[in-house]
Amino acid sequence: MGTTAHPEAHRLTTRTDLSETVLGPRNYTPRRIGLLAAIAIVLLVTVSFPLRNHYQFLSDQKAVAQERAALEKTIAELEAQERQLADPAYIEQQARIRFGAVKPGETPYRVSQVDPVEKAAAEQAAAELAAQSWQTRVWNSIAEPRDPVMPEGSSLPDDLGAELPPPAEGPAPGGPEVPGADSEVDVPGVGASQPGG
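Please read all numbers here as calculations on a predicted model, not as lab measurements. (Residues numbered from 1 in each chain as written. Predicted model: local features only at pLDDT ≥ 70, side-chain atom pairs only at ≥ 80, totals over all residues. Heavy atoms only, no water.)

Engineer: Could you clarify how one ought to interpret the overall build of the protein chain in this entry?
Structural biologist: Each helix and strand counted, the protein chain has four helices and two strands in total. For the protein chain, the N- to C-terminal ordering of α and β elements is α-α-α-α-β-β. Counting over 197 residues, the protein chain shows a buried share of 4%. Within the protein chain, contacts between residues at least 6 apart in sequence are counted, and of these 34% link residues at least 24 apart. A total accessible area of about 18,300 Å² is found for the protein chain, and carbon and sulfur atoms account for 61% of it. (Helix = DSSP H or I, 4+ residues; strand = E, 2+ residues; numbered from the N terminus. Buried < 20%, exposed > 50% of the residue type's maximum accessible area, 1.4 Å probe, protein only. Contact = heavy atoms within 4.5 Å. Areas by Shrake-Rupley, 256 points an atom, 1.4 Å probe, with all protein chains shown as cover.)

Structural data, given as structure tokens:
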């Protein structure tokens, strides 16, 4: 008697021997791994330099395009300035503004930048300050706070003054109103009295 096996049974057998495959687990020898690593490194080096050069070229191209745009803008501005300088009315305007040139028969007027009222007030305040003795000037600089410089439209908070006591009336002790503050002072060792101012 014979066996009753399927005629295609020899094709359906499983393959258990993986040593014959190209990258089978038993064929990962150090030699083969080294060869694959060398091939990978050669491929990376071969591809990296052209890619780096390509991206460097794109970066340079963008920089040159920006520089060209800036130069074209500068050329346009210079051409506009050249057209202005060719205009006689513009030249006359600039001569009047920069050099104060006037046409024959015109009367030139110069407007002063300094207000005469403010100038006189500043000179009077400087003269009053110079007339005071140095002790009085020092005391005033300590006793009288200067006005704070505040931007236009700003103000101090309303509750800021509530915490401070009201100022005392009358002169401060030892102030310039003390008799003898402007009198002569004898300095020992000098031999003569000197004025206080």
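Engineer: Just to check I follow, could you spell out the layout of surface pockets for this structure?
Structural biologist: Rolling a probe over the atoms, with the probe sized like a water molecule, indicates the empty space that remains. Considered as a void within the structure, the second largest pocket measures approximately 160 Å³ in volume. Lining the second largest pocket we find Arg96, Gly100, Ala101, Val102, Glu106, Thr107, Pro108, Tyr109 and Arg110. A class-by-class count of the residues in the lining of the second largest pocket yields four nonpolar, two polar and three charged. (1 Å grid on protein atoms, 1.4 Å probe; cavity = no way out; pocket = protein on both sides within 12 Å on 5 of 7 lines; lining within 4 Å. Points joined across faces, edges and corners; volume = space filled by probe spheres on them. Nonpolar A, V, L, I, M, F, W, Y, C, P; charged D, E, K, R; others polar.)

Engineer: When you look at helix H2 (residues 88–99) in this model, what are you seeing that I'm missing?
Structural biologist: The periodicity of an α-helix, 3.6 residues per turn, causes residues three or four positions apart to be oriented the same way. Between its first and last C-alpha, H2 extends 16 Å over 12 residues, near the 16 Å set by a 1.5 Å rise per residue. Phi for Gly100, located one or two positions after H2, is positive at around 70°. (Expected span 1.5 Å × (residues − 1).)

Engineer: What is the right way to read the confidence of the model for the protein chain from this model?
Structural biologist: In regions of low pLDDT, the predicted coordinates are not meant to be interpreted in detail. Mean pLDDT for the protein chain: 75, with 59% of residues reaching 70 or above. Of all the helices and strands in the protein chain, strand S2 (residues 193–194) carries the lowest mean pLDDT, 46, while helix H1 (residues 30–85) carries the highest, 93. (pLDDT = per-residue confidence, 0-100.)

Engineer: What is the right way to look at a nonpolar patch on the surface in this model?
Structural biologist: Residues Val47, Leu51, Tyr55, Phe57 and Leu58 make up a contiguous nonpolar surface patch of about 500 Å² in total accessible area. Here Leu51 is to be found in helix H1. For Leu51, a relative accessible area of 42% puts it in the partly exposed group. (Patch = residues over 30% accessible without salt bridge, like charges linked within 9 Å, V, L, I, M, F, W, Y side chains within 5 Å. Salt bridge = Lys/Arg side-chain N within 4 Å of Asp/Glu carboxyl O.)

Engineer: How should the pattern of salt bridges be read in this particular structure?
Structural biologist: Opposite charge on two side chains permits them to pair, given that their charged atoms come into close proximity. This model, assessed by the stated rule, comprises four salt bridges. The salt bridge involving Arg68 is made with Glu72; its shortest N-O contact spans 3.0 Å. Here Arg68 pairs with Glu72, and both are found in helix H1, just four residues apart, close to one helical turn. The class of Arg68 is exposed, set by a relative accessible area of 56%.

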